[in-house]
Amino acid sequence: MKLITTPNLDRHDAFYAELLEAHRGLSEAESQALNARLILILANHVGDLDTLREALALASEG
């Protein structure tokens, strides 16, 4: 499976606003823990190790 890297998120501004709101009032450690949980939930949803490896490689490129 080839990772989709072109814009593909419906209502991306709304998601970004909700993501920011989820972090509001959290300490840095709490915010990092929220991000880690979100990543693991989404990785479980994707469910394909090759796709997740591709995403890790892209994210590591910065």
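Residues numbered from 1 in each chain as written. Predicted model: local features only at pLDDT ≥ 70, side-chain atom pairs only at ≥ 80, totals over all residues. Heavy atoms only, no water.

Novice: Tell me about the environment of Ala22, residues and numbers included.
Specialist: With respect to the helices and strands, the residue Ala22 is situated in helix α1 (residues 12-23). In this structure the C-alpha to C-alpha distance between Ala22 and Ala33, which are 11 residues apart in sequence, comes to 12 Å. (Helix = DSSP H or I, 4+ residues; strand = E, 2+ residues; numbered from the N terminus.)

Novice: Can you explain a nonpolar patch on the surface? Please cite residues and give values.
Specialist: There is a patch of nonpolar side chains on the surface, built from Leu9, Phe15, Leu38 and Leu42 and spanning about 350 Å² of accessible area. Its location among the elements puts Leu42 in helix α2 (residues 28-46). Leu42 gets classed as partly exposed once you look at its relative accessible area, which sits at 47%. (Patch = residues over 30% accessible without salt bridge, like charges linked within 9 Å, V, L, I, M, F, W, Y side chains within 5 Å. Areas by Shrake-Rupley, 256 points an atom, 1.4 Å probe, with all protein chains shown as cover. Salt bridge = Lys/Arg side-chain N within 4 Å of Asp/Glu carboxyl O. Buried < 20%, exposed > 50% of the residue type's maximum accessible area, 1.4 Å probe, protein only.)

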